[in-house]
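# What the coordinates show
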Amino acid sequence: MKTSVYSSHYDKLRLWLKAQREGQSLTLREVSERWGRHHSILGKIEQARRKIELVEFIELCEIINADPHEGISLLIESMNHKAKRQKL
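Rules used in this analysis
Residues numbered from 1 in each chain as written. Predicted model: local features only at pLDDT ≥ 70, side-chain atom pairs only at ≥ 80, totals over all residues. Heavy atoms only, no water. Axes fitted to C-alpha atoms, helices over the stretch in contact; angles between N-to-C directions. Helix = DSSP H or I, 4+ residues; strand = E, 2+ residues; numbered from the N terminus. Parallel < 35°, antiparallel > 145°, perpendicular 65-115°, else oblique. Left-handed = near helix turned anticlockwise from the far one by under 90°. Contact = heavy atoms within 4.5 Å. Nonpolar A, V, L, I, M, F, W, Y, C, P; charged D, E, K, R; others polar. Buried < 20%, exposed > 50% of the residue type's maximum accessible area, 1.4 Å probe, protein only. Salt bridge = Lys/Arg side-chain N within 4 Å of Asp/Glu carboxyl O.

Time to look at the packing of helix H2 (residues 28-35) against helix H3 (residues 39-46). The geometry of H2 relative to H3 is characterised by a closest axis approach of 8 Å and an angle of 120° between their N-to-C directions. With respect to each other, H2 and H3 are oriented oblique. Note that H2 runs across H3; the crossing there is right-handed. Residues Leu 28, Arg 29, Val 31, Ser 32 and Trp 35 of H2 form the contact with H3, whose own contacting residues are His 39, Ile 41, Leu 42, Gly 43, Ile 45 and Glu 46. Tallied by class, the residues present in the contact of H2 with H3 amount to six nonpolar, three polar and two charged.

The phi dihedral of Ser 25 falls on the positive side, at around 55°, and the residue is not glycine. Within the fold, Ser 25 resides in the loop between helix H1 (8-23) and H2. Taking relative accessible area as the criterion, Ser 25 reaches 63% and is therefore assigned exposed. Although it is not a glycine, Asn 65 adopts a positive phi angle of roughly 55°. By the element assignment, Asn 65 lies in the loop between helix H4 (54-63) and helix H5 (68-87).

The next subject is the pattern of salt bridges. Pairing between side chains of opposite charge can happen when the charged atoms of each approach one another. Taken as a whole and judged by the stated rule, the model has five salt bridges. Between Arg 14 and Asp 11 there is a salt bridge, and its shortest N-O distance comes to 3.3 Å. Of this pair, Arg 14 and Asp 11 both sit in helix H1, three residues apart, roughly one helical turn. For Asp 11, a relative accessible area of 23% puts it in the partly exposed group. Through salt bridges with shared partners, a single ionic network connects Arg 21, Glu 22 and Glu 46.

This is how it looks when you write it as structure tokens:
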């Protein structure tokens, strides 16, 4: 499995996370301030320039009132879909 930050699985997860943030009408700076991290870290995650660690993902979900289970389910679905395609 490709583990790069540029994999399609990471793309789906980071786009979901960004959509959740934007759905709450929160800016990068607002979320980063609540997170206690520089806004460039979140910007790099959303721009696929940095991987997101599991604990960071859960923290961010809590900050933006997103269900981390939904994001993880999206990731699992993406991985299962790819595995099914490879079997064909």
